[in-house]
Structure formats: C-alpha cells, structure tokens
Amino acid sequence: DAKTTQPPSMDCAEGRAANLPCNHSTISGNEYVYWYRQIHSQGPQYIIHGLKNNETNEMASLIITEDRKSSTLILPHATLRDTAVYYCIVRVATGGKLIFGQGTELSVKP
Amino acid sequence: GAVVSQHPSRVICKSGTSVKIECRSLDFQATTMFWYRQFPKQSLMLMATSNEGSKATYEQGVEKDKFLINHASLTLSTLTVTSAHPEDSSFYICSARLGRNCTFGSGTRLTVV
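Keep in mind that what you see is a predicted model, and the values were worked out from it rather than measured.

A. Highlighting the packing of aromatic side chains. The tally for this structure, following the rule as stated, stands at nine aromatic pairs over all chains. Seen from their ring centres, Tyr87(A) and Phe100(A) are 5.0 Å apart, and the 85° between their planes marks the pair as edge-to-face. In this pair, Tyr87(A) sits in strand β8 (residues 84-92) while Phe100(A) sits in the loop between β8 and β9 (104-109), placing the two residues 13 residues apart along the sequence. Given the relative accessible area of 2%, Tyr87(A) is considered buried. Overall, Phe100(A) belongs to the buried group, its relative accessible area being 8%. Here Phe100(A) and Tyr36(B) contribute two aromatic rings whose centre-to-centre distance is 5.5 Å and whose plane-to-plane angle is 90°, an arrangement assigned as edge-to-face. Taken as a pair, Phe100(A) in the loop between β8 and β9 and Tyr36(B) in strand β4 (residues 32-38) lie in two separate chains rather than in one. For Tyr36(B), a relative accessible area of 1% gives the class buried. Through a chain of ring-to-ring contacts, the aromatic side chains of Tyr36(A), Tyr46(A), Tyr87(A), Phe100(A), Tyr36(B) and Phe104(B) assemble into a single cluster. Positioned above the aromatic ring of Tyr34(A) is the side chain of Arg91(A), whose terminal nitrogen or guanidinium carbon lies 4.9 Å from the ring centre. Between the NZ or CZ atom of Lys66(B) and the centre of the ring of Phe67(B), over which it lies, the distance is 6.0 Å.

B. Up close: the interface of chain A and chain B. Taken together, the contact pairs 21 residues of chain A with 20 residues of chain B. The tally of links from chain A across to chain B stands at one salt bridge. Ionic pairing is found between Glu59(B) and Lys97(A), a salt bridge with its closest N-O pair at 3.0 Å. Where chain A packs against chain B, one counts nine residue pairs in polar contact (both at pLDDT 80 or more). No other element matches the four residues that strand β3 (residues 31-38) of chain A contributes to the side of chain A that touches chain B. Taken together, the residues of the side of chain A that touches chain B sort by class into 10 nonpolar, nine polar and two charged.

C. Fine view of the sheet that holds strand β1 (residues 9-13) of chain A. Residue and element names in this part refer to chain A. In space, the five strands of this open sheet follow the order β1-β9-β8-β3-β4, with mixed pairing throughout. Only two strands of the sheet have a single partner each, and these edge strands are β1 and β4 (45-50). When strand polarity is set aside, the average angle formed by the axes of neighbouring strands in this sheet is 25°.

D. Just the pairing of strand β2 (residues 10-13) of chain B, in detail. Residues and elements named next belong to chain B. The two faces of β2 differ: Val11 and Cys13 on one face are buried, but Arg10 and Ile12 on the other face are not. Here β2 runs beside strand β11 (residues 108-112); their pairing, made up of four bridges, is parallel. Following the sheet pairing, arginine 10 is matched in β11 by arginine 109.

E. Inspection of the environment of Ser70(A) at higher detail. Residues and elements named next belong to chain A. Relative to the helices and strands, serine 70 is located in strand β7 (residues 70-75). Residues serine 70 and serine 9, spaced 61 residues apart in sequence, show a C-alpha to C-alpha distance of 18 Å. Excluding its chain neighbours within four sequence positions, the residues that come into contact with serine 70 are Cys22, Asn23, His24, Ile63, Ile64 and Thr65.

F. Structural view of the pattern of salt bridges. Residue and element names in this part refer to chain B. Under the definition given, this model contains four salt bridges over all chains. Put simply, lysine 66 and aspartate 88 hold a salt bridge, and the shortest N to O gap is 2.9 Å. With lysine 66 in the loop between β6 (57-58) and β7 (67-73) and aspartate 88 in the loop between β8 (76-81) and β9 (90-98), this residue pair connects regions lying 22 residues apart in the sequence. Classification of lysine 66 by relative accessible area gives buried; the value is 13%.

Rules used in this analysis
Residues numbered from 1 in each chain as written. Chains lettered and ligands numbered in written order. Predicted model: local features only at pLDDT ≥ 70, side-chain atom pairs only at ≥ 80, totals over all residues. Heavy atoms only, no water. Phe/Tyr/Trp six-rings, centres within 6.5 Å; stacked < 30°, edge-to-face > 60°. Helix = DSSP H or I, 4+ residues; strand = E, 2+ residues; numbered from the N terminus. Buried < 20%, exposed > 50% of the residue type's maximum accessible area, 1.4 Å probe, protein only. Lys NZ or Arg CZ within 6 Å of the ring centre and 35° of its normal. Contact = heavy atoms within 4.5 Å. Salt bridge = Lys/Arg side-chain N within 4 Å of Asp/Glu carboxyl O. Polar contact = N/O pair within 3.5 Å; in protein donor to acceptor, adjacent residues only side chain to side chain. Nonpolar A, V, L, I, M, F, W, Y, C, P; charged D, E, K, R; others polar. Pairing = 2+ DSSP bridges. Axes fitted to C-alpha atoms, helices over the stretch in contact; angles between N-to-C directions.

This is the structure:
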C-alpha cells in the first residue's frame, strides 16, 4: 500500500471549517483514499473515502486533486467533539489492509 | 450501520497469565477481521489478518505463538495474548471488513502487572 504524509498537528476554531491535507504521491490507480479518525482511547471511526471524484457525506467532504497525488478532508463546521487524530490511508478497496500512518492531531478550540 | 463489539474493554492480568480478547461483528458477517495494537501516543500497528476458517496472517515481527488468533465463525475472532508480560500492556483494537469499509471495535486496554 502507498504511504501518506500528513502534518502532525493542526488547530481550528470552533465553527470554522477544518481543512486537513494529505499527500499520497505514490498512489496506484486502483487505490482509494480513506479517512478515519480516532478520538482518545476509542477505536477509529470511518469518515469518508474516494477514488478520484470529490465526495461528500454527512460528516465531511473529500477533495482529491486531479492527479490524485493529494487530498483534503474538510469538516465544514468544526465542533469541540471533532477533536481527534485524523488518519489518511490509501488502500486497494477489495481486501486491502488498512495501514495507519501517524495522522494529524486536530484540536478544535472554543 | 455495521457494529463491531469488542470485549472486554479493560483487563488487568498478572504477568505469565493469558488473556483472551473477543471481537464480534453484531449485524453482519465478516470473513476477514484485523487486529491492531496501539501504544500510548503512537499510531495503530497492524498485527495480523484473521480469516474465517483458515490460519491468520501475521505481520512481520509479530510472534504468532504469543498472539494466538482464532476466527472460527463469521462473526467472531479472538486474540489470545499468551504468557503476558508488562511490555504487552497496550490498547488492542479489532476491525471487521464489510465491503469496501472496515468497522472498528472500541478497543481493549490490557495492563499486565
């Protein structure tokens, strides 16, 4: 599986949009971009995934660049409960293992 | 939505004893489950892939005789930490694959004293 690079930490003001970047320059054509988050001492929670088109669900939006070498997870209106470590992972959709990098520790501040 | 239940959530055991952790998919069948370990302030590390009805596949550096995995049914995988020692104290997390996604359990905090 390709590796990803994320900033170790970010701050965001409550109510503002949180934009979390991820670089995956060695991604293969059949690999998807997945985002999970982990709130302290809990199991990771699925957020969103995509292949090449932008995706949106009730939690977040995922913007993938045209060359697919990077992506951005957008939390449109961050709340204090969004404070967590966010992991960007690339994997083959069918059967691929989820290999976690170091992630980005997002702190949402009042 | 898909739910994965992990039990126990916390366990304290004496050094040299064995501990079993259960991972159940509650509302779906999972032919593949994954086991992770997480030390404080570190990321999740994949230990092994558990396949129903066959032997687990262990990641490099993970001792298969120490971390016994059994996946005897489509809804249950177990991880047994044998002859536990203080350095095995960690947060153990399972996940079950459903289609393109993986759903995670809430984790088991193991403390070996």
